[in-house]
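As a plain string of letters, each chain reads:
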Amino acid sequence: MGLSEAVLRGVAALGFERPTPVQLAAIPALCGSRDVVAEAPAGSGKTLAFAAPALSAVDPAVNAPQVLILAPTGKLAEQLAGVVERLAAFASPRPRVVCLTAGARYDARARYQPQVVVATPNRLLDLCGLLRPAAGTAGARGGNNPRPLLELGSVKLCVMDEADEFLDRPGFTEQLKALVHGLPMASNMAFFSATLTRATRDLIDAERLVRTSGDYSVVRIDAATAAGGGGAVGRLRPALHHFSVGLGDACEDAEWEVRGEA
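This text gives an overview of the structure that appears in the document. Along each chain, residue indices are assigned from 1 in the same order as the chain's sequence is written. In view of the model being predicted, local features appear only for residues whose pLDDT reaches at least 70, and side-chain atom pairs are presented and counted only at 80 or more, with totals across whole chains, interfaces and linings using the full set of residues. Calculated side-chain values reflect all of the structure's heavy atoms, with hydrogen atoms and water omitted.

With that out of the way, let us pick up the overall build of the chain. Helix and strand counts for the chain come out as eleven helices and seven strands. Each residue is placed in one exposure class: buried if its accessible area under a 1.4 Å probe, protein chains only, is under 20% of its type's maximum, exposed if it is over 50%, and partly exposed if it falls in between. Taking all 262 residues of the chain together, the buried fraction comes to 44%. Residue exposure ignores everything except the shown protein chains as possible cover, and the areas themselves are Shrake-Rupley values with a 1.4 Å probe. Only carbon and sulfur atoms are counted for the fraction: they give 52% of the accessible area of the chain, which is about 13,800 Å². Counting from the N terminus, the helices are DSSP H or I runs at least four residues long and the strands are E runs at least two residues long.

We now examine the pairing of strand β6 (residues 188-193). Counted residue by residue, β6 has six buried out of six residues, so it is predominantly covered. Burial of the side chains of β6 extends over both faces: Asn188, Ala190 and Phe192 are buried on one face and Met189, Phe191 and Ser193 on the other. Between any two strands, pairing holds if DSSP finds at least two bridges. Alignment of strand β1 (residues 35-39) against β6, held across four bridges, turns out to be parallel. By the bridge assignment, Glu39 is partnered in β6 with Ser193. Across five bridges, strand β5 (residues 157-161) lies against β6 in parallel orientation. When the bridges of β6 are listed, Met160 appears paired with Phe191.

In this section: the nonpolar core. Looking at soluble globular proteins, one finds that nonpolar side chains tend to be buried together. What we call a nonpolar core is a set of buried Ala, Val, Leu, Ile, Met, Phe, Trp, Tyr and Cys residues that are connected through their side-chain atoms within 4.5 Å. In terms of nonpolar packing, the biggest core is built from 39 residues, with Val36, Phe50, Ile69, Val116, Val118 and Phe192 touching the most fellow members. Contacts: residue pairs with any heavy atoms within 4.5 Å of one another. Sequence-distant contacts of Val118, defined by excluding residues within four places in its chain, comprise Ile69, Ala77, Leu80, Ala81, Val97, Val98, Cys99 and Leu100. Among the nonpolar cores identified, the runner-up in size contains 34 residues, and Leu68, Tyr106, Leu179 and Val210 belong to it.

With respect to the helices and strands, the residue Cys31 is situated in helix α2 (residues 21-31). With 23 residues separating them along the chain, Cys31 and Ala54 place their C-alpha atoms 8.2 Å apart. If near-sequence neighbours (up to four positions away) are discounted, Cys31 is found in contact with Met1, Gly2, Leu3 and Pro53.

With that out of the way, let us pick up the sheet that holds β1. With respect to topology, seven strands assemble into an open sheet ordered β3-β4-β2-β5-β6-β1-β7, the strand pairing being parallel. Of all the strands in the sheet, just β3 (97-100) and β7 (218-221) have a single pairing partner and so form its edges. Strand-to-strand twist across the sheet, computed as the mean angle between neighbouring axes with direction ignored, equals 10°. Across four bridges, strand β2 (residues 67-70) lies against β5 in parallel orientation. Bridge pairing in β5 links Leu70 to Met160. Seen against the sheet, α2 touches β1, β5, β6 and β7 and runs at an angle of roughly 170° to β7. The axes used here are C-alpha line fits, helices contributing only the stretch in contact, and every angle between their N-to-C directions lies in the interval 0 to 180 degrees.

Here the bond from Ser92 into Pro93 is cis, since omega is 0°, no more than 30 degrees from zero. In this structure, Ser33 is a non-glycine residue whose phi angle is positive, near 60°. Turning to its location among the elements, Ser33 is positioned in the loop between α2 and β1. Positive phi, close to 50°, is recorded for Glu162, a residue that is not glycine.

Next up on the list: the packing of aromatic side chains. To describe a pair of aromatic rings, one takes the distance between the centres and the angle between the planes. Only centres within 6.5 Å qualify two rings of Phe, Tyr or Trp (six-membered ring in Trp) as a pair; their planes then separate them into stacked at under 30 degrees, edge-to-face at over 60, and tilted for everything else. According to the stated counting rule, one finds one aromatic pair in the structure shown. Seen in terms of ring centroids, Phe50 and Phe192 are 5.2 Å apart; in terms of plane orientation they differ by 55°. Their pairing is tilted. In this pair, Phe50 is assigned in helix α3 (residues 46-56) and Phe192 in strand β6, connecting sequence segments 142 residues apart. The same class applies to Phe50 and to Phe192, which are both buried.

Attention now goes to α3. Counted residue by residue, α3 has nine buried out of eleven residues, so it is predominantly covered. For α3, the full list of buried residues reads Lys46, Leu48, Ala49, Phe50, Ala51, Ala52, Pro53, Ala54 and Leu55.

Limitation: the analysis is restricted to geometry and does not speak to function.
Written out as structure tokens, the structure reads:
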């Protein structure tokens, strides 16, 4: 599938034995320098589908950010960074992973720069000098963007997880477009979401957030493909087990609530 040996060891350590359908489609595509637009339900393995090829793309000799992973919330960003760290456990040297959310400190003058950056959109745009101040503020009247603290010149892959959550935000799209178009021409884009709306798909195509010409091609993965089936099966989180426990009729005392907690 194009993954490095160290990453494969990390995958095995996390308990994965065979790829899910979304991993089978996305991992070789990303390792083969193709852009990916994927609609994958929760529980289908989409985090590993972009985290594993992201780590395989890191060159330990390059002291600069090489992978960007955007998440809509700080909590999700922290979870993704944790998965990336565990996948990288067997790499030597280990890729430097940083999670940048609101309030997180970033030292642009540090000797060793992060190689994988997991961040919320606002924080990343701010560090790249692309976050526009709110109308009416002093920064908005000044007109000039601040000097970027985080350089994009070595980025090979940019992933947007739960892409709908921020691509659909009014007034936010222009800044994200500036980020994407500020990446090197050789970098790849990956958009993952549990539900990709028609508006988001149209936006990705209309604003050329993926490359569809020349030697490049886009792998599009719909929910049915990602889940390994069609119809309602793809909406039932196939990698999760669903079950119910009968507690009997509700009682007037606290017995029913106690059963529920148990």
